[in-house]
Amino acid sequence: SSNIDNAYRLRGNLLLIVGEMDDNVPPESTLRFADALIRADKDFDLLVVPNAGHGIGGAYGERRMRDFFVRHLLGKEVPNRN
């Protein structure tokens, strides 16, 4: 079953992280899924990590993932790092 075909079924919050240099799953696959979510009028967060391969996106991706969980599972705001 394809994520793209089932994008309309998304319920809840979703964070997609893709490395620009991913050699395991082509980044365009994630972008095709994001396109399907947009066409299904679903909200989601997308993080593209430059120079990253397949994985969480290094320390930056890991921090963003933790912040996402804190926001959406704990309902708390994360520190503004800007």
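Above this text sits the structure in question.
Because the structure is a prediction, the values reported are computed rather than measured. (Residues numbered from 1 in each chain as written. Predicted model: local features only at pLDDT ≥ 70, side-chain atom pairs only at ≥ 80, totals over all residues. Heavy atoms only, no water.)

1. Remarks on the overall build of the protein chain
Note the following rule: Strands here mean DSSP runs of E at least two residues long; helices mean DSSP runs of H or I at least four residues long; both are numbered from the N terminus. Partly exposed describes any residue whose relative accessible area lies between the buried limit of under 20% and the exposed limit of over 50%, with all areas from a 1.4 Å probe on protein chains only and scaled to the type maximum. Surface accessibility in these figures is a Shrake-Rupley result with a 1.4 Å probe; residues are shielded only by whichever protein chains are displayed. Note that His is not counted, nor are the chain ends; the positive residues are Lys and Arg, and the negative ones are Asp and Glu. Here the site of a charge means atom NZ of a Lys, CZ of an Arg, CG of an Asp or CD of a Glu.
Of the regular secondary structure elements, the protein chain holds 2 helices and 2 strands. Listed N to C, the secondary structure of the protein chain is β-α-β-α in terms of helices and strands. Structurally, the protein chain occupies a C-alpha span of about 35 × 30 × 20 Å along its principal axes. Looking at the 82 residues of the protein chain, the share that counts as buried comes to 24%. As displayed, the protein chain has an accessible area near 6,000 Å², and 49% of this comes from carbon and sulfur atoms. A distance of 7 Å separates the average location of the 11 positive side-chain charges in the protein chain from that of its 12 negative side-chain charges.

2. Looking at unusual backbone geometry
Despite not being glycine, D41 has its phi angle at roughly 60°, a positive value. In this fold, D41 is placed in the loop between α1 (27–39) and β2 (45–49). Its relative accessible area of 71% is what places D41 among the exposed residues.

3. Points about the pattern of salt bridges
For clarity, the threshold we go by: What counts as a salt bridge is simple: a side-chain nitrogen of Lys or Arg found within 4 Å of a carboxyl oxygen of Asp or Glu.
The tally for this structure, following the rule as stated, stands at 3 salt bridges. Between R81 and D67 there is a salt bridge, and its shortest N-O distance comes to 2.8 Å. With a gap of 14 residues between them, R81 in the segment after α2 (58–74) and D67 in helix α2 connect regions that are remote in the sequence.

4. A short note on the pairing of β2
The two faces of the sheet receive side chains in turn, since in a regular strand these alternate between them. The line we're drawing: Pairing between two strands requires that DSSP report at least two bridges joining them.
Two elements, strand β1 (residues 15–19) and β2, share 5 bridges in a ladder whose sense is parallel. The partner of G19 across the bridge, within β2, is V49.

5. Some remarks on the environment of I56
Cut-off, in case you're wondering: Every residue pair with non-hydrogen atoms within 4.5 Å of one another is taken to be in contact.
Within the secondary structure layout, I56 lies in the loop between β2 and α2. For I56 and L10, which are 46 residues apart along the polypeptide, the C-alpha to C-alpha distance reads 21 Å. For I56, the contacting residues outside a window of four places in its chain are I17, G61, E62 and M65.

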